[in-house]
Amino acid sequence: MARQLVHEFGQRFQEIHGLKLKFTEAAADLLVSQALERKLPIRDVCSERFKDYQFGLKLVAPKHRA
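This part is about the pattern of salt bridges. Here the structure, examined in full by the defined rule, presents four salt bridges. Where D29 meets R3, a salt bridge forms, and the shortest distance between an N and an O atom there is 2.5 Å. Note that D29 is positioned in helix α2 (residues 25-38) and R3 in helix α1 (residues 2-17), a separation of 26 residues in sequence. On the basis of relative accessibility, which here comes to 33%, the residue D29 falls in the partly exposed class. Bridged by salt links that share partners, the residues R3, E25 and D29 form one connected network.

Here it is as structure tokens:
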């Protein structure tokens, strides 16, 4: 269940920013562990950790030309 919240964050990120974040199970486990250690909701840890990723990813994302 906890890992699923990380994957749901990735799906919402894609819906909002048009950029795909795909987490390995090991990455999801690490984010869950960090949330537990800090006693924070997983969504909060993900939001904090990836708050500016859309800016960097848009700089390196391939541009589609018509």
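This brings us to unusual backbone geometry. Across residues other than glycine, the phi torsion is negative in most instances, and most of the peptide bonds are trans. With a phi close to 55°, K39 is a non-glycine residue in the positive phi region. The exposure class assigned to K39 is exposed, which follows from its relative accessible area of 75%.

Let us now look at α1. An ideal rise of 1.5 Å per residue puts 22 Å on 16 residues; α1 measures up with 23 Å between its terminal C-alpha atoms. Where α1 is concerned, the buried positions are L5, V6, F9, G10 and F13. Down the axis of α1, the smallest arc covering the buried residues is 145°, so these residues share one side. Tucked into the core, α1 has its buried residues touching α2, α3 (42-49) and α4 (53-60). Of the residues flanking the end of α1, it is G18, one or two places downstream, whose phi is positive at about 70°.

Here H17 lies in helix α1. Judged by its relative accessible area of 24%, H17 falls in the partly exposed class. Spatially, the C-alpha atom of H17 lies 6.5 Å from that of Q54, the residues being 37 residues apart in sequence. In this view, H17 contacts Q54 and K58; residues no more than four positions away in its chain are not counted.

Once that is clear, we can look at the packing of aromatic side chains. Under the criterion given, the structure shown has four aromatic pairs. Centroid distance F9 to F13: 6.3 Å. Interplanar angle 40°. Geometry classified as tilted. Residue F9 and its partner F13 are located together in helix α1, separated by four residues, close to a single helical turn. As far as the burial class goes, F9 and F13 line up, both buried. Taking 4.8 Å as the distance between ring centres and 85° as the angle between the ring planes, the aromatic pair formed by F50 and Y53 counts as edge-to-face. F50 gets classed as buried once you look at its relative accessible area, which sits at 10%.

Basis of the calculations
- Residues numbered from 1 in each chain as written.
- Predicted model: local features only at pLDDT ≥ 70, side-chain atom pairs only at ≥ 80, totals over all residues.
- Heavy atoms only, no water.
- Salt bridge = Lys/Arg side-chain N within 4 Å of Asp/Glu carboxyl O.
- Helix = DSSP H or I, 4+ residues; strand = E, 2+ residues; numbered from the N terminus.
- Buried < 20%, exposed > 50% of the residue type's maximum accessible area, 1.4 Å probe, protein only.
- Expected span 1.5 Å × (residues − 1).
- Arc of directions from axis to C-beta.
- Contact = heavy atoms within 4.5 Å.
- Phe/Tyr/Trp six-rings, centres within 6.5 Å; stacked < 30°, edge-to-face > 60°.

The values are spatial; any link to function lies outside them.
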